[in-house]
Amino acid sequence: MAHRSLTDSYAVSSQISVEDVPVFKVAGYSGIICLRPDGEEPGQPLAQEIANAAQAEDIDFAYIPVRSGTLPDDAQVREMRLALDRMHGSVLGYCRSGTRAAQIWALAKAGVRPAEELLEIGHQAGVDLTVLGERLTVQPSTRHDDSTGSRFFQVVIVGGGAGGLSVASSLFKRDPSLSIAVVEPSEEHFYQPGWTLVGAGIFKPEQTLRAEANLMPKDVTWLRNHVTSFAPDAHEVSLDDGAVLSYGALVVATGIALDWSAIPGLEETLGQNGVTSNYRYDLAPYTWKLVSKMKSGTAIFTQPPMPIKCAGAPQKAMYLSCDKWRKRGALDRISVEFNTATPSLFGVKEFVPALMEYVRKYGAELKLGSKLVAVDGPNRIASFDYQDGDRTIRVERKFDMLHVVPPQKAPKVVCESALAGPDGFVAVNPETLQHVQYPEVFAVGDVAGTSNAKTAAAARVQAPVVAVNVLAALRHEPPVAGYDGYGACPLTVENGRIVLAEFSYGGKLAPTMPLWLMRGTRPTRLAWWLKKYIMPVLYWHGMLKGRELFVRPRPLSSSRKDG
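Remember, predicted model here, so these are calculated numbers, not experimental data.

*Asks:* What exactly am I supposed to notice about the overall build of the chain here?
*Replies:* Helix and strand content of the chain: 14 helices and 29 strands. Principal-axis analysis of the C-alpha atoms gives the chain an extent of 90 × 45 × 40 Å. Within the span of the chain, comprising 563 residues, buried residues form 56% of the whole. Of the contacts made within the chain by residues no fewer than 6 positions apart, 69% connect residues no fewer than 24 positions apart. Counting every atom, the chain has about 23,600 Å² of accessible surface; 51% of that belongs to carbon and sulfur. Side-chain charges of the chain comprise 59 positive and 59 negative groups, with the mean position of each set lying 12 Å from the other.

Have a look at this one:
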């Protein structure tokens, strides 16, 4: 394959073949950069095929696709600059004719070499670089200098929880050549939907815990850091060690923040004085300890204002506790209250009748519009505010057991950034999950500013949609997949039965299974079997691995049509 040398260390070529790679190895090339998107013409070798051949010859390879007829954008130029810095020795860039490979090299060198010199190099190689105009004279920003700790990735994912890992796996499933960084400080990963079962003595805590290292896709760059700021205008993310990451696409998957400090007196009494919560790994076993020992007294369960993750979890704690006390014959001696700041027991009315049957069955007192505002642990007093017309009335209640769900909000680093909407969450289009202002930014899971239920089931459906749309964004194309707002709340009303609430945007019922097999508005044993045995397996071995069983992304037009 004929190629043209621009300098002693960089040459350009038209499309190469797998058979050419060993020849370039003999010629002394240590790096190959593909600047051509796959599928431009029939019979064109895939970039991955060239990458595999390069790997076999111990040649470094990078894929920076630039669409034909367009000039490289700033993100592509940054990636080219970093690739050239990484590849020591001679490097070959190729596209259809070699022009894009020459243009992006010149832009990567802009400011380092005089514009006149770059134009002359292009002229000698038979490539017209004058179309690059003033961009050749622009000094490269110091924020992309390796000395500052800056690194470029095609995709940066902030958060290694359910949504972040699922997107990373779904991306690699579609394009193994991607450079992806996952920013996640935690060494541990939790299956949080299992904590209500830990609090009921059904699961052991260890069943909900895995090492993050064992779940991270093997080809990602895992950065064990906290993000300190987002700079979407510059396509950058800053980390707590001073490093700066630049990106072609950004996925925000930080989850939601539990605001324990919002309730005075709560933090200092958690895990003692009968105060517990299934919303923390270390506290769910204390819930079970309290439930298993309680023989009489007052048990109060609370739910804060929305939004919260898994809106059914607060009442699940009550149902499972009552079921244990009923089976032990202690329920008649225990006064049970469910205080919720919401105006109804559940946000989708079709599921309320079945839930109310269990509220009555367990003799629980339902207090709507009742907000927990303070906790006195040593004296075991919980204070609530509720509205009586225009008046706010404060009520103090003695308790023997208090199960608290804390108020929840967007993480501080998100709500103080340019990515946040009025509610503090990432402002995204509810269908495409693409940011409303920054087309290269997406959100997945609880941090997304969407009206769907914040559940693992929602993140499972969102992840493939985000992956497909991120790939479109990297190609500078509009989103192609849509999310319909699906979420699922398995409302465990007793040990062995669940009301499986599945719904999409607007509270529209969205059952996965046919009604003759399982009617979600009624408690069923099948839903319990799914919750206890199938969903954990789907989570660990399906969702986090990019296996999209029943959640293949639908085309955007189909999503809009289905509502």
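*Asks:* Help me understand the environment of proline 343, please; the structure alone is not making it clear to me.
*Replies:* Within the secondary structure, proline 343 sits in the loop between β17 (334-340) and α10 (352-361). Classification of proline 343 as exposed rests on a relative accessible area of 75%. Remark: the alpha-carbon pair of proline 343 and glycine 369, spanning 26 residues in sequence, is separated by 5.4 Å.

*Asks:* Would you mind going over the layout of surface pockets with me for this structure?
*Replies:* Gaps left between atoms are located by rolling a probe of water-molecule size over the structure's atoms. Counted as a void, the second largest pocket has a volume near 770 Å³. Forming the boundary of the second largest pocket are 29 residues, of which Asp60, Phe61, Arg86, Ser177 and Ser179 lie nearest the centre. Contributions of two or more residues to the lining of the second largest pocket are made by α2 (47-56), β4 (60-63), α3 (74-86) and β6 (151-158). Of the residues assigned to the lining of the second largest pocket, the class counts are 14 nonpolar, eight polar and seven charged.

*Asks:* Help me understand the packing of helix α8 (residues 284-293) against helix α9 (residues 313-328), please; the structure alone is not making it clear to me.
*Replies:* Running from N to C, α8 and α9 cross one another at 30 degrees; their axes reach a closest spacing of 9 Å. Viewed along their axes, α8 and α9 adopt a mutual orientation that is roughly parallel. As α8 runs across α9, the sense of the crossing is right-handed. Along the contact surface, α8 presents Trp288, Val291, Ser292 and Lys293, while α9 presents Ser321, Lys324, Trp325 and Arg328. Of the residues assigned to the contact of α8 with α9, the class counts are three nonpolar, two polar and three charged.

*Asks:* What's the story with the pairing of strand β5 (residues 90-94) in this structure? I'm lost.
*Replies:* For β5, the buried fraction is high: four of the five residues fall into the buried class. The pairing of strand β2 (residues 10-13) with β5 spans four bridges and is parallel. Its bridge partner lying in β5, valine 12 is registered against glycine 93. Pairing between strand β3 (residues 29-34) and β5: five bridges, direction parallel. From the neighbouring strand, isoleucine 32 faces β5, where its bridge partner is leucine 92.

*Asks:* Just to check I follow, could you spell out the pattern of salt bridges for this structure?
*Replies:* Opposite charge on two side chains makes pairing possible when the charged atoms of those side chains draw close. The final tally for this structure, using the stated rule, is 22 salt bridges. Here arginine 86 ties to aspartate 60 by a salt bridge, and the two come within 3.0 Å at their closest N and O atoms. Placement of arginine 86 in helix α3 and of aspartate 60 in strand β4 is noted, with a sequence separation of 26 residues between them. Here arginine 86 falls in the partly exposed class, since its relative accessible area comes to 43%. With a relative accessible area of 27%, aspartate 60 lands in the partly exposed category. A salt bridge links glutamate 494 to lysine 361; the nearest nitrogen and oxygen atoms lie 3.8 Å apart. In this pair, glutamate 494 is assigned in strand β26 (residues 487-494) and lysine 361 in helix α10, connecting sequence segments 133 residues apart. By relative accessible area, which is 11% here, glutamate 494 ends up buried.

*Asks:* Honestly, helix α4 (residues 99-109) in this entry has me stumped. Any pointers?
*Replies:* Spacing of three or four residues puts side chains on the same side of an α-helix, whose turn is 3.6 residues. Most of α4 sits out of view: nine of its eleven residues are buried. Taken together, the buried positions of α4 are Arg100, Ala101, Ala102, Gln103, Ile104, Trp105, Ala106, Leu107 and Ala108. Where the residues of α4 are buried, they touch β2, α3, β5 and α5 (115-125).

*Asks:* Would you mind going over the nonpolar core with me for this structure?
*Replies:* As a rule of thumb, nonpolar side chains are buried together in soluble globular proteins. Ranked by internal contacts, the top residues of the largest apolar core, which has 69 residues, are Leu171 and Leu250. For this core, the leading source of residues is helix α12 (residues 456-474), giving twelve residues. Among residues more than four places away in sequence, those in contact with leucine 250 are Val156, Val158, Phe230, Val237, Leu419, Glu440, Val441 and Phe442. Ala317, Met318, Leu331 and Ala364 belong to the second-largest nonpolar core, a separate cluster that totals 35 residues.

*Asks:* Explanation requested: the environment of leucine 474 in the structure shown.
*Replies:* Here leucine 474 is to be found in helix α12. Accessibility expressed as a relative area gives 18% for leucine 474, which makes it buried. For leucine 474 and serine 30, which are 444 residues apart along the polypeptide, the C-alpha to C-alpha distance reads 26 Å. Apart from the residues lying within four places of it in its own chain, the contact partners of leucine 474 are Gln154, Val155, Leu178, Gly248 and Ala249.

*Asks:* Explanation requested: the sheet that holds strand β20 (residues 381-388) in the structure shown.
*Replies:* Across the sheet, three strands lie side by side as β19-β20-β21; this open sheet has antiparallel pairing. Each edge of the sheet is formed by a strand with only one pairing partner; in this case those strands are β19 (370-376) and β21 (391-398). In this sheet, neighbouring strand axes are inclined to one another by 25 degrees on average, regardless of whether the strands run parallel or antiparallel. Across eight bridges, β20 lies against β21 in antiparallel orientation. Its bridge partner lying in β21, tyrosine 386 is registered against isoleucine 393.

*Asks:* Explain the state of the cysteines here, please?
*Replies:* Disulfide: a covalent bond connecting the sulfur atoms of a pair of cysteines. Under the counting rule described, the total for this entry stands at zero disulfides. Cysteine 489 forms no disulfide, and the closest cysteine sulfur to it belongs to cysteine 310, at a distance of 5.2 Å.

*Asks:* What's the story with the packing of aromatic side chains in this structure? I'm lost.
*Replies:* One pair of aromatic rings is described through two measures. These are the centre distance and the angle between the planes. Inspection of the entire model under this criterion finds 14 aromatic pairs. A connected cluster of aromatic rings, assembled from ring pairs, spans Phe190, Trp195 and Tyr281. Seen from the ring of tryptophan 260, arginine 280 lies directly overhead, with NZ or CZ sitting 5.6 Å from the centre. The ring centre of phenylalanine 425 lies 4.6 Å from the NZ or CZ of lysine 454, which sits over that ring.

*Asks:* It is not clear to me how the sheet that holds strand β28 (residues 508-509) should be interpreted in this structure. Could you clarify?
*Replies:* Hydrogen bonds along the backbone pair up the strands of a sheet, which may run parallel or antiparallel. In space, the three strands of this open sheet follow the order β26-β27-β28, with antiparallel pairing throughout. Two strands in the sheet have a free side with no partner beyond their single neighbour: β26 and β28. Relative to strand β27 (residues 497-504), β26 is paired through seven bridges, and the arrangement is antiparallel. Counted as the bridge partner of glutamate 494 is arginine 497 from β27. Contacting β26 and β27, α10 runs over the sheet at an angle of about 25 degrees to β26.

What counts and how
- Residues numbered from 1 in each chain as written.
- Predicted model: local features only at pLDDT ≥ 70, side-chain atom pairs only at ≥ 80, totals over all residues.
- Heavy atoms only, no water.
- Helix = DSSP H or I, 4+ residues; strand = E, 2+ residues; numbered from the N terminus.
- Buried < 20%, exposed > 50% of the residue type's maximum accessible area, 1.4 Å probe, protein only.
- Contact = heavy atoms within 4.5 Å.
- Areas by Shrake-Rupley, 256 points an atom, 1.4 Å probe, with all protein chains shown as cover.
- Lys, Arg positive; Asp, Glu negative; His and termini not counted.
- Charge placed at Lys NZ, Arg CZ, Asp CG, Glu CD.
- 1 Å grid on protein atoms, 1.4 Å probe; cavity = no way out; pocket = protein on both sides within 12 Å on 5 of 7 lines; lining within 4 Å.
- Points joined across faces, edges and corners; volume = space filled by probe spheres on them.
- Nonpolar A, V, L, I, M, F, W, Y, C, P; charged D, E, K, R; others polar.
- Axes fitted to C-alpha atoms, helices over the stretch in contact; angles between N-to-C directions.
- Parallel < 35°, antiparallel > 145°, perpendicular 65-115°, else oblique.
- Left-handed = near helix turned anticlockwise from the far one by under 90°.
- Pairing = 2+ DSSP bridges.
- Salt bridge = Lys/Arg side-chain N within 4 Å of Asp/Glu carboxyl O.
- Core = buried A, V, L, I, M, F, W, Y, C linked by side-chain atoms within 4.5 Å.
- Disulfide = S-S within 2.5 Å.
- Phe/Tyr/Trp six-rings, centres within 6.5 Å; stacked < 30°, edge-to-face > 60°.
- Lys NZ or Arg CZ within 6 Å of the ring centre and 35° of its normal.

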